[in-house]
Amino acid sequence: MAAPGGGTNPITVINDTPMGVRQWIVVVLMVMLNALDGFDVLSSAFAAPGISAEWGIERAALGVVLSAELVGMGFGSVLLGGAADKYGRKNTMLVCLLFMAAGMWAAGHANAVTPLVIFRFITGIGIGGMLAATNAVTAESTNSKWRKAAIAVYVAGYPLGAIVGGIAASEWLLDTYGWRGVFDFGAIVTAALIPVIYALVPETAAYNAGKGNAEGVNKTLAAFGKPPIHDLPALDLSASRPKVTDILSNPQLRPVTLLLAFGYMFHTITFYYILKFAVQIVADYPPEYAPSEAATVLTYANVGGFFGSALFGFVMARLGIRWPTALMLLLGSVAVASFGLGRDSLDAWQWATIITGFFTNAAISGYYAAFARGFPAYARATGTGFVLGIGRLGAAGSPLLAGTLFTVLGNSELLTVSIIMAMGSVISLVLFLMLPERDGDETVGAADLPSGTPLD
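Residues numbered from 1 in each chain as written. Predicted model: local features only at pLDDT ≥ 70, side-chain atom pairs only at ≥ 80, totals over all residues. Heavy atoms only, no water.

Participant: How do you make sense of the overall build of the chain when you look at a structure like this?
Facilitator: Along the chain, the regular secondary structure elements total 17 helices and zero strands. When the 456 residues of the chain are sorted by exposure, 62% land in the buried category. Pairs at least 24 residues apart make up 83% of the contacts formed inside the chain by residues separated by at least 6 positions. Accessible surface, the chain: about 16400 Å² in total, of which carbon and sulfur atoms supply 67%. (Helix = DSSP H or I, 4+ residues; strand = E, 2+ residues; numbered from the N terminus. Buried < 20%, exposed > 50% of the residue type's maximum accessible area, 1.4 Å probe, protein only. Contact = heavy atoms within 4.5 Å. Areas by Shrake-Rupley, 256 points an atom, 1.4 Å probe, with all protein chains shown as cover.)

Written out as C-alpha cells, the structure is:
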C-alpha cells in the first residue's frame, strides 16, 4: 500500500487488514496490564481498614494514603507518557513494571504512614506511565474495524483486575496475611509479567514509522503476519519527538487536549470517590462490617465496572462515542449521589456499587476511546499521558476532598458528601459535549505534523 510520495504507510496497513493472532495476543496482554493497574491502584483501598485499625489513623489521614499513588500516577502519566513517544511503548512498559513491582513490595513492608505514602507514590509513577503506553499500544496494534471494541475491552481490564484482587483480598489475603499481603501479592504478579511482555509484545509499527525505522516496522508487521514494506516517507526525526508544549501550541489539538484533560479530571473526582472510600464507608456504616466483608463491595463495584466497560465498547461501535458517553456520565452521577442514601444490608451495598461501577466505568471507556481518536499517532502517547496526568489531579484530589468533607460535615452526612462528589461527572458531561467529533489522524493536516509523518 503505497503512500503519497512513494513511501509506504504502515499505519494504513494495520488499519485496513484483518486482525491476526499475534495482534489479539497483544490486546489480551494489554488487558492484563490494565487489570494489573486496576489491582495495584485499588490495593490501598482493600488494605485501608487494616491500615486504619493497625495504625489508628482517621479518614482525613487515610485520604492522604489513598491518594498517594494517584498523585504518582499524574507524574507518571506526563513524564513516562512522553517517554513512550520518545523511547518506545515497549521499553516504557518494562520500566513501568519495575517501578510498580518495587513500589508494591516496599509498601507491603512499610512500618509507618510516611514511608507507605512514598512507596505508593512510586507505584503510582509506574501505573501512570503504563496507562499511557498500553492505551497507545492497544490503539496502534488493532485495525479500524476492531479498535473501539478493543479499547473498551482494554478499559474493562481495569475493573477486572480489581475483581480478581478483591476476591483474593476478601477470601484469602486479608484473613491469612493481613493488609500487607495485598501489596506483596501485587508485587509478585507484577514482576512475573515483565518477561512475558518482553517476549510477546513487539514495538508498534506506528512508533517505528515515526522514528524512520523501516527495519523495526517490518519486524512488527512480520510478527502480525503482514507483508513487509519497501521504504518509508522521508522523516524529520528532530521534529518527531513531540512535547506537551507542541500539542498545546497546535491550534487543532489544543482545544481537544484541554477538553479531554479537564473533562476526564472532573469525572475521576466522582469515579474514585466510590473506588477509594466505599470499603471504609461500608466498614463504618451500622452495623460496622468486618474489613473482609466490607472489601466485597469494591469487588462488586468492579464487577459492574467490567460489564459496563466491556459492553459499552459494542455500544460505541454502533452509536459512536459522543452521546452514549454523555448518557453514562449522567447516569453515573445519579448512581453516586444515590449511594449516599445508605443501605441496610451488605447485599444492598453490593448492588449499589455494581450499578455505580457499571455507569462510571462505561464513561471511562468512552473517554479512553476519545483519547485514541483525538490524537494523531505521532503524539498519541504524549497527548494521552498529558490528559491522564491532568485527570490524576481529580483522582488524587477525590479521596482528599471526600476525607475533608467527612471531617468537616461528619461521617453521618453521607448523602451530602455523595451529592457533592457526584457533581464531578456532571461537569465532565458538559465538557465532553463540547468536544469536536473528528479523528486526530484524519483531520490534522500535514502542515501540523512533523515532516514526513504518515497520515491515515
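Don't stop here, the text continues.
Participant: Got a minute to help me understand the environment of Leu131 in this structure?
Facilitator: Here Leu131 is to be found in helix H5 (residues 113-140). Sequence separation between Leu131 and Met93 is 38 residues; the distance between their C-alpha atoms is 8.9 Å. Residues within four places of Leu131 in sequence aside, it is in contact with Asn34, Asp37, Met73, Tyr154, Tyr368, Leu388 and Arg392.

Participant: Before we go on, may I ask you to explain empty space enclosed by the protein in this structure?
Facilitator: Any space left empty among the atoms is revealed by the rolling of a water-sized probe across them. Applying the stated rule across the entire model yields four cavities of 30 Å³ or more. As a volume, the second largest cavity reaches approximately 100 Å³. In terms of lining residues, the second largest cavity is bounded by Asn34, Leu131, Val155, Tyr158, Tyr264, Phe271, Tyr272, Asn361, Ile364, Tyr368 and Arg392. Secondary-structure elements contributing two or more residues to the lining of the second largest cavity are helix H6 (147-177), helix H11 (253-284) and helix H14 (346-374). The residue makeup of the lining of the second largest cavity, split by class, is eight nonpolar, two polar and one charged. (1 Å grid on protein atoms, 1.4 Å probe; cavity = no way out; pocket = protein on both sides within 12 Å on 5 of 7 lines; lining within 4 Å. Points joined across faces, edges and corners; volume = space filled by probe spheres on them. Nonpolar A, V, L, I, M, F, W, Y, C, P; charged D, E, K, R; others polar.)

Participant: Sorry, what's going on with the packing of aromatic side chains here?
Facilitator: Describing an aromatic ring pair means giving the distance of the ring centres and the angle of the ring planes. Evaluated as defined, the whole model comprises 21 aromatic pairs. With a centroid separation of 6.3 Å and 45° between ring planes, the pair formed by Tyr367 and Phe371 is classed as tilted. Of this pair, Tyr367 and Phe371 both sit in helix H14, four residues apart, which is roughly one turn of that helix. With a centroid separation of 5.2 Å and 50° between ring planes, the pair formed by Tyr368 and Phe371 is classed as tilted. (Phe/Tyr/Trp six-rings, centres within 6.5 Å; stacked < 30°, edge-to-face > 60°.)

Participant: Is there a simple way to explain the environment of His267 in this structure?
Facilitator: Take His267: it is sitting in helix H11. For the pair His267 and Ile427, spaced 160 residues apart in sequence, the C-alpha to C-alpha distance is 7.7 Å.

Participant: Looking at this structure, I do not really get unusual backbone geometry. What am I missing?
Facilitator: Excluding glycine, a negative phi dihedral is what most residues carry, and trans is how most peptide bonds are arranged. Following Pro286, the chain continues to Pro287 via a peptide bond in cis, the omega torsion being 15°. The topology assignment puts Pro287 in the loop between H11 and helix H12 (291-319).

Participant: For this particular structure, what's the right way to read the pattern of salt bridges?
Facilitator: Opposite charge on two side chains allows them to pair when their charged atoms are near. Summed over all chains, the structure comprises four salt bridges. Across the pair Glu69 and Lys276 runs a salt bridge, and its minimum N-O distance is 2.2 Å. With Glu69 in helix H3 (residues 59-86) and Lys276 in helix H11, the pair connects residues that are 207 residues apart, well separated along the chain. By relative accessible area, which is 0% here, Glu69 ends up buried. In this structure, the salt-bridge partner of Arg89 is Glu140, at a minimum N-O distance of 2.5 Å. Of this pair, Arg89 sits in helix H4 (residues 89-107) while Glu140 sits in helix H5, and the two are 51 residues apart along the sequence. Glu140 shares its class with Arg89; the two are buried. Through salt bridges with shared partners, a single ionic network connects Glu69, Arg120 and Lys276. (Salt bridge = Lys/Arg side-chain N within 4 Å of Asp/Glu carboxyl O.)

Participant: Explain the packing of H11 against H14 here, please?
Facilitator: A packed helix pair is summarised by two numbers, namely the angle formed by the two axes and the spacing between the axes. Closest axis-to-axis distance for the H11/H14 pair is 10 Å, and the angle between their directions is 160°. Of the possible angle classes, the one that applies to H11 and H14 is roughly antiparallel. Between H11 and H14 lies a crossing of left-handed hand. Contacts from Leu253, Val256, Leu260, Gly263, Tyr264, His267, Phe271, Ile274, Ile281 and Val282 in H11 reach Leu346, Trp349, Thr356, Thr360, Asn361, Ala363, Ile364, Tyr367, Tyr368, Ala370, Phe371 and Gly374 in H14. Residue composition of the contact of H11 with H14, grouped by class: 16 nonpolar, six polar and no charged. (Axes fitted to C-alpha atoms, helices over the stretch in contact; angles between N-to-C directions. Parallel < 35°, antiparallel > 145°, perpendicular 65-115°, else oblique. Left-handed = near helix turned anticlockwise from the far one by under 90°.)

Participant: What should I look at first to understand H6 in this one?
Facilitator: Helical geometry note: an α-helix holds 3.6 residues per turn, so side chains three or four residues apart project in the same direction. The sharpest bend along H6 comes to roughly 55°, located at Ala169. Taken from the residues just after H6, Gly178 is the one with a positive phi, measuring 80°. (Bend = angle between axes of the 7 residues up to and from the residue.)

Participant: Looking at this structure, I do not really get the nonpolar core. What am I missing?
Facilitator: Side chains of nonpolar character tend, in soluble globular proteins, to be buried together. With 137 residues, the main nonpolar core has Met30, Met93, Leu260, Tyr272, Tyr273 and Tyr368 as its most contacted residues. It is H11 that provides the largest number of residues to this core, a total of 19 residues. Residue contacts for Met93: discarding those within four places in its chain leaves Met30, Leu33, Met130, Ala133, Thr134, Val137, Ile197 and Val201. (Core = buried A, V, L, I, M, F, W, Y, C linked by side-chain atoms within 4.5 Å.)

Participant: So what exactly am I meant to see when it comes to the environment of Ala352 here?
Facilitator: With respect to the helices and strands, the residue Ala352 is situated in helix H14. A C-alpha to C-alpha distance of 8.4 Å links Ala352 and Ser338, two positions 14 residues apart in sequence. Once residues within four sequence positions are removed from consideration, Ala352 is found in contact with Phe339 and Arg343.

Participant: What exactly am I supposed to notice about the side chain of Thr142 here?
Facilitator: Inspection of the secondary structure assignment puts Thr142 in the loop between H5 and H6. Within polar-contact distance, the side chain of Thr142 engages the backbone oxygen of Thr138 at 2.8 Å. Those residues in contact with Thr142 that sit more than four places away from it in its chain are Ile14, Asn15, Met19, Gln23, Val27, Arg147 and Ala150. (Polar contact = N/O pair within 3.5 Å; in protein donor to acceptor, adjacent residues only side chain to side chain.)

Participant: Please explain a nonpolar patch on the surface as it appears in this structure.
Facilitator: Side chains of Leu341, Leu415, Ile419, Met423 and Val426 sit close together on the surface and give an oily, nonpolar patch of about 400 Å² of accessible area. Mapped onto the elements of the fold, Ile419 is located in helix H16 (residues 414-433). (Patch = residues over 30% accessible without salt bridge, like charges linked within 9 Å, V, L, I, M, F, W, Y side chains within 5 Å.)

Participant: Would you mind showing me how to read the packing of H14 against H16 here?
Facilitator: Look at H14 against H16: their axes get within 12 Å of each other, and the N-to-C directions meet at 25°. The pairing of H14 with H16 is recorded here as roughly parallel in orientation. Judged by the twist between their axes, the crossing of H14 over H16 is left-handed. Where H14 approaches H16, its residues Trp349, Gly366, Tyr367 and Ala370 are matched on the opposing element by Leu414, Ser428 and Phe432. Its residues placed into classes, the contact of H14 with H16 shows five nonpolar, two polar and no charged.

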